[in-house]
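Architecture and fold: a report
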Amino acid sequence: NQAMLIFRKELRIFKIEAGVGYQNRNFDDPGIDDLDAFIYKFNVGGKGTIANRRSYISFNIDQNLNDQTFEDEYFLATRFTLSGGHEFSRKLLGEVTGYYQISDYERSYGLTPEGTIDQRKDDTFELSGTISYKFARWLIFSVTAGYQNRDSNLAGLSYDNNFLISRLEFAYDWAENNPD
């Protein structure tokens, strides 16, 4: 169960969104304690024109209770995200995104590098850049390159990851393109 009260205000070049709420997870298994969390979000985004092309920037802070989908490894994630993008031409777009996430696990314990048992806490940082090309309004090809680093207080769970992802998006609106 999750409830959140959200305030949204769109100004001429900025959009603000703020929300607070509460999340509760009740488990059928009597051996598992229920989880409760205070959740929130704060997002600020802006758009404008640079050299007659559209640009945007956004900053988001979000906190929510997440599930790693492995047994009952729930964690409270607080994420700070900064994104920016620019339309270089009608068909060529670019975006840079970075985030820092603090993950406090509720029931996950393990061995630290010092040899003690501790509750799991991870800090994750990611930085990526995307270039997209619009072949048509409904067909976009993009390539994303990035770097991700997770620093965990438990032994063997930290990593560095370099990635390259290509994507072809097809979203043809049949109703819009085939009127009666």
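Scroll up to find the structure.
Residues numbered from 1 in each chain as written. Predicted model: local features only at pLDDT ≥ 70, side-chain atom pairs only at ≥ 80, totals over all residues. Heavy atoms only, no water.

**Here we look at the layout of surface pockets**
Of the pockets and cavities examined, the largest pocket occupies roughly 410 Å³. As for the largest pocket, its lining consists of 18 residues, of which Tyr56, Leu93, Gly94, Glu95 and Ser132 are closest to the centre. If you list the elements that add at least two residues to the lining of the largest pocket, you get strand S4 (53-67), strand S5 (74-87), strand S6 (92-111), strand S7 (117-136), strand S8 (139-152) and strand S9 (159-170). In terms of residue count, the dominant contributor to the lining of the largest pocket is S9 (four residues). Split into classes, the residues belonging to the lining of the largest pocket amount to four nonpolar, nine polar and five charged. (1 Å grid on protein atoms, 1.4 Å probe; cavity = no way out; pocket = protein on both sides within 12 Å on 5 of 7 lines; lining within 4 Å. Points joined across faces, edges and corners; volume = space filled by probe spheres on them. Helix = DSSP H or I, 4+ residues; strand = E, 2+ residues; numbered from the N terminus. Nonpolar A, V, L, I, M, F, W, Y, C, P; charged D, E, K, R; others polar.)

**Points about the environment of Asn60**
Looking at where Asn60 falls in the secondary structure, it is placed in strand S4. When the C-alpha positions of Asn60 and Val96 are compared, they lie 14 Å apart, and in sequence the two are 36 residues distant. Filtering out sequence-adjacent residues up to four positions away, Asn60 remains in contact with Phe42, Asn43, Val44, Arg79, Phe80 and Thr81. (Contact = heavy atoms within 4.5 Å.)

**Some remarks on the nonpolar core**
One finds Leu35, Ala37, Leu65, Tyr74 and Leu76 forming the largest nonpolar core, which totals five residues. Put simply, the parts of the chain that give this core at least two residues each are strand S3 (35-50) and S5. (Core = buried A, V, L, I, M, F, W, Y, C linked by side-chain atoms within 4.5 Å. Buried < 20%, exposed > 50% of the residue type's maximum accessible area, 1.4 Å probe, protein only.)

**With respect to the packing of aromatic side chains**
How two aromatic rings sit relative to each other is given by the distance of their centres and the angle of their planes. Counted according to the given criterion, the structure contains five aromatic pairs. Between the aromatic rings of Phe75 and Tyr105, the centroid separation amounts to 4.8 Å while the plane-to-plane angle is 35 degrees, which identifies the pairing as tilted. With Phe75 in strand S5 and Tyr105 in strand S6, this residue pair connects regions lying 30 residues apart in the sequence. In this structure, Phe75 and Tyr105 share a single accessibility class: buried. Cluster of aromatic residues (ring-pair linked, three or more members): Trp138, Phe170 and Tyr172. Sitting above the plane of the Tyr99 ring, Arg79 keeps its charged end 3.7 Å from the centroid. Seen from the ring of Tyr105, Arg120 lies directly overhead, with NZ or CZ sitting 4.1 Å from the centre. (Phe/Tyr/Trp six-rings, centres within 6.5 Å; stacked < 30°, edge-to-face > 60°. Lys NZ or Arg CZ within 6 Å of the ring centre and 35° of its normal.)

**Points about the pattern of salt bridges**
Note on pairing: side chains with opposite charge can pair once their charged atoms come close. One pass over the full model with this rule turns up six salt bridges. Of the charged contacts in the structure, one is a salt bridge between Glu17 and Arg8, with a shortest N-O distance of 2.4 Å. The shortest N-O distance in the salt bridge between Arg167 and Glu169 comes to 3.0 Å. The exposure class assigned to Arg167 is partly exposed, which follows from its relative accessible area of 47%. Among the residues examined, Glu169 registers a relative accessible area of 32% and is labelled partly exposed. (Salt bridge = Lys/Arg side-chain N within 4 Å of Asp/Glu carboxyl O.)

**Looking at the pairing of S7**
In terms of strand pairing, S6 meets S7 through 16 bridges, oriented antiparallel. Looking across to S7, one finds that Gly94 is bridged to Ile131. Between the antiparallel neighbours S6 and S7 lie five residues, among them Gly115 with a positive phi of about 95 degrees. Of the pairings in the sheet, the one linking S7 to S8 comprises 14 bridges and is antiparallel in character. Within the sheet, the bridge partner assigned to Ser132 lies in S8 and is Ser142. In this structure, the hairpin formed by S7 and S8 is closed by a connection of two residues. (Pairing = 2+ DSSP bridges.)

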